[in-house]
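# Observations on the three-dimensional arrangement
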Amino acid sequence: MKLLGRFRDEDGTEKFVFSDENGIIEVTWIKNKEGIAVFCLPTHYYCNLGCKFCHLTESNNGKKEMKPISSESLIECVNFISERYINHDKVLFSFMGVGEPFLNIDLVFDIYKYFKSESNKKVSLALASMMLTLSPFEEIIKEGLPLKIHFSLHSPIDAKRKEVIPSARTSISECLGLLEKYDSIVKNYPYIIENFSNFHQRPSPTEIHYTIIEGVNDSEKDLSEMIKIGDCYKIPLKLIKFNPTKNLKRSSKEKFWLKELSEKYNAPVSFYIPPGLNIGSSCGQFTKHYYLGSNTKEELEEFKRWKKKYQVSS
């Protein structure tokens, strides 16, 4: 395993870029205000699912193979960071990096089991998914995993969601029904809810994620359907600040949506600004150069300027 670079944003968020014989592994370390060490972890060396809001793959669908990361490789990366820089009693492993977690769910199991047995730290898990039909809920509960599921919705209308997330195969109603099922199962296990209470602002086992994108998913119809989802399913909603891509921009209706949903959505609503914005650390950002290279002289020069500004010694 080779460390290619360690980068620090102005908010203290750090990203470590590793490489091995299979590709790139980006691990983000977020310094949580509550004294929790948050690791944002990938599950794959690359992702070819082609989500349109993703800075890495929105225009590179299918051009590279989507290889799963082994637990041994990811454990080596996390240990490299934690042994040198981390001194927290509580650690949250958040699988929201490159890849779809349910396409490599064994990695999530292995990471939890390893760090739960090898340290005295309190450990919790979270993941962001768009493929809930692959969710082994019974196995998750059987193994006692305190796993919070963040569902990547990004449109309440099936046809629109398919445009934004081309690899989505399951209807929105079916996905939300599966979230309801998971929520009802987990609530029968007080020790898991207690774990959530120690790591998250809300102890709910599930949460919906939504980025509001100009002209894509910010219509009156979208808003009306989101309010209906709140009435029907009562799943907490997190609106995420969108980091514009070359083709998409942040919606001018964001504040209006937040106001309307805060008043009318029948579950808690929050607004989230992902940390590490300048170093491409979460929510579909990533460091394109390491995965895809620089196709032009201008792109290479831009990468060099970025690297000089944010890289720190390891």
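Calculation rules
- Residues numbered from 1 in each chain as written.
- Predicted model: local features only at pLDDT ≥ 70, side-chain atom pairs only at ≥ 80, totals over all residues.
- Heavy atoms only, no water.
- Pairing = 2+ DSSP bridges.
- Helix = DSSP H or I, 4+ residues; strand = E, 2+ residues; numbered from the N terminus.
- Contact = heavy atoms within 4.5 Å.
- Axes fitted to C-alpha atoms, helices over the stretch in contact; angles between N-to-C directions.
- Core = buried A, V, L, I, M, F, W, Y, C linked by side-chain atoms within 4.5 Å.
- Buried < 20%, exposed > 50% of the residue type's maximum accessible area, 1.4 Å probe, protein only.
- Left-handed = near helix turned anticlockwise from the far one by under 90°.
- Nonpolar A, V, L, I, M, F, W, Y, C, P; charged D, E, K, R; others polar.
- Right-handed = clockwise from strand over helix to strand, strands pointing away.

## What to know about the sheet that holds strand E8 (residues 206–211)
- Strands sit in the order E10-E9-E8-E7-E6-E5-E4-E3-E2-E1-E11 across an open sheet of 11 strands; the sheet is mixed. Two strands lie at the open edges of the sheet, namely strand E10 (269–272) and strand E11 (311–312), each paired on one side alone.
- Of the pairings in the sheet, the one linking strand E1 (residues 2–8) to E11 comprises 2 bridges and is antiparallel in character. Within E11, the residue paired with Phe7 across the bridge is Gln311.
- Its contacts with the sheet place helix H6 (residues 190–199) against strand E4 (36–40), strand E5 (90–95), strand E6 (122–129) and strand E7 (147–152), and it is angled at close to 85° to E6.

## Things to note about the nonpolar core
- With 65 residues, the main nonpolar core has Phe39, Phe93, Phe95 and Leu261 as its most contacted residues.
- Ranked by residue count, the leading element in this core is helix H5 (residues 172–186), at 8 residues.
- Residues in contact with Phe93, not counting those within four places in the same chain, are Phe39, Leu41, Val78, Ile111, Phe115, Val123, Ser124, Leu125 and Ala126.
- With 26 residues, the next largest nonpolar core counts Phe53, Met66, Tyr290 and Tyr310 among its residues.

## So, the packing of H5 against helix H7 (residues 220–233)
- Orientation of H5 relative to H7, taken along the N-to-C sense of each, is 35°, at an axis distance of 11 Å. Pair H5 / H7 crosses with right-handed handedness. Here Ser173, Leu176, Gly177 and Glu180 of H5 lie close against H7, whose contacting residues are Ile229, Cys232 and Tyr233.
- Looking at the contact of H5 with H7 residue by residue, the class counts come to 4 nonpolar, 2 polar and 1 charged.

## Some details on the side chain of Arg161
- Mapped onto the elements, Arg161 comes out in helix H4 (residues 158–164).
- Among all residues touching Arg161, those that are not within four sequence positions of it are Met130, Phe151, Ser152, Leu153, Ser155, Ala168, Thr170 and Ile172.

## Comments concerning the pairing of E5
- For E5, a buried count of 5 out of 6 residues is recorded, marking the element as mostly surrounded by other parts of the structure.
- In this structure, E4 lies alongside E5, joined through 5 bridges in parallel fashion. Counted as the bridge partner of Ala37 is Val91 from E5.
- Both E5 and E6 contribute to a ladder of 6 bridges, which runs parallel. Bridge pairing in E6 links Phe95 to Leu127.
- Remark: the E5/helix H2 (residues 105–118)/E6 crossover connection has right-handed handedness.

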